[in-house]
Amino acid sequence: MHDIRFIREHPEAFDKGMARRGLSPVAAELLSLDERRRQITTELQGLQTRRNAASKEIGAVKSKGGDAQALMDEVASIKARMGELEQADRDAEAALTARLAELPNIPDDDVPDGADESGNVEIRRIGEPRRLNSARDHVDLGEGLGLMDFAAASKLSGARFVVLRGSLARLERAIGQFMIDLHINEHGYTEIAPPFMVRDEAVYGTGQLPKFAEDLFRTNTGHWLIPTAEVPLTNLVAGEILEQEGLPLRFTALTPSFRSEAGSAGRDTRGMIRQHQFSKVELVSVTTPEQSAAEHERMTDCAETVLKRLGLAFRTIVLCTGDMGFTARKTYDIEVWLPGQGRYREISSCSNTGEFQARRMQGRFRPEGEKGTRFVHTLNGSGVAVGRALIAVMETYQRQDGAIEVPEVLRPYMGGLEILDVKG
């Protein structure tokens, strides 16, 4: 959500920020809605003042035995008009808020301009991609071992689901447990076990509503299945006023995520790359404006550490203005090398949203030595997507005979198992 006061004071700068997102100028429209609301507020305040004065005059006239009917009629007329204006004020406020809610965050100055992913900029590359003459992808590997079953999942749930069996199911669980332990024990995050269903307000607060409702699943109770644990974790501070000395807050959770994948027909239809349900370790930070840039770098490093410990090759890129998410003002994507595809694929996205989400959620903090409050900054990132990490491990550690070596860091979570083979 944007600050209308900033738009009043800097309309050209706001339109410039929207232009970098590929949008037409919108400040004039917003200021027109704002002016209408302010005119109504001014008239309401004037009527309130006159009503109070007239009420006093009525008392004075009656105390002297005079006829106050004219004044009483005026007060009644004022009351009726105020009722109309109060509704008009609510409508004007709702119209302005709805329009502001449709607009994406303004990119940071150092975010590269670009229309699409071709404008993204690689900033580092870690590890040597494993290149195999006859690399098999995760589908061939999993089905070859009898441990990955898309047909069974389709019978149960339809397309974009998978059933994992035996040691492969255990390997997926091990990856998630390893990541959550790393973030808790070494990176200082607090583990949260959040609800997987949330109300409208929570999904609005993190920016999925109203614009991206079609990307979500909704229950018949009116709840939304979480598309990522970012939603419940970030909303833990919704409506709160935090003390500065308690910041930053760092939360992590291992949860399922549910995505409708609207608009992705024909994309990544093979295998586990794009699923309706998948597990993910999420990282969320709540901090001050002064700390948020450094926190963004820290969070990205935490996600990268997961891949380093797993021995997976990856690269980190900064997204351009045309490829960045709705709520982000700056995003780093981490892409892991998949030998079966012979390319890098996204496995983590770490974003700084600034105060954009905090304004929607009304999350504030009390700065030390100051009387008022300020909006916190919120950040979120994958630490990382479990399903895609499983894919990367399978394809990176595959053997010529179709078996899969278990990365050393995961073996304690696998009861010492070193090889996944046809025995399951």
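Reference entry: report on the structure contained in this document. Quantities reported herein were computed from a predicted structural model and do not represent experimental measurements. (Residues numbered from 1 in each chain as written. Predicted model: local features only at pLDDT ≥ 70, side-chain atom pairs only at ≥ 80, totals over all residues. Heavy atoms only, no water.)

Section: the sheet that holds strand S14 (residues 364-366)
Under the convention used in this document: Any two strands with at least two DSSP bridges between them are considered paired. Elements are defined by DSSP. Helices are runs of H or I of four residues or more, strands are runs of E of two residues or more, and each kind is numbered from the N terminus.
Ordered in space as S8-S14-S15, the 3 strands form an open sheet in which the pairing is mixed. Of all strands in the sheet, those bounded by a partner on one side alone are strand S8 (241-243) and strand S15 (374-375). Note that S8 and S14 share 3 bridges and pair parallel. Of the residues in S14, the one forming a bridge with Leu242 is Phe365.

Some points on the environment of Arg345
Put simply, the test is: Only protein chains enter the calculation, and the probe is 1.4 Å; a residue is then buried if its accessible area is under 20% of its type maximum, exposed if over 50%, and partly exposed in between. By definition, residues are in contact when any of their heavy atoms lie within 4.5 Å.
If you trace the backbone, Arg345 turns up in strand S13 (residues 343-352). The buried category is assigned to Arg345, whose relative accessible area is 9%. Sequence separation between Arg345 and Phe314 is 31 residues, and the spatial gap between their C-alpha atoms is 8.8 Å. Beyond its immediate stretch of four places on either side in the chain, Arg345 contacts Asp268, Ile273, Arg274, Ile334, Glu335, Val336 and Leu338.

Notes on the packing of aromatic side chains
What counts here: Working definition: a ring pair exists when centres of Phe, Tyr or Trp rings (six-membered ring for Trp) sit within 6.5 Å. Plane angles under 30 degrees give stacked, over 60 give edge-to-face, the rest tilted. By the criterion adopted, a ring carries a charge over it if an Arg CZ or a Lys NZ lies within 6 Å of its centre and within 35 degrees of its normal.
The final tally for this structure, using the stated rule, is 3 aromatic pairs. Taken together, a centroid distance of 5.3 Å and an interplanar angle of 75 degrees make the contact between Phe212 and Phe326 edge-to-face. Note that Phe212 is positioned in the loop between helix H8 (200-205) and strand S6 (217-218) and Phe326 in the loop between strand S11 (314-318) and strand S12 (330-338), a separation of 114 residues in sequence. The class for Phe326 is buried, based on a relative accessible area of 11%. Geometrically, the ring pair formed by Trp337 and Tyr344 is edge-to-face, given 5.1 Å between the ring centres and 70 degrees between the ring planes. Chaining the aromatic ring pairs together yields one cluster made of Phe212, Phe326 and Phe356. Of note, Arg360 hangs over the ring of Tyr204, and the distance from its end group to the ring centre comes to 4.3 Å. Arg364 extends its terminal NZ or CZ atom over the ring of Phe375, reaching a point 4.1 Å from the ring centre.

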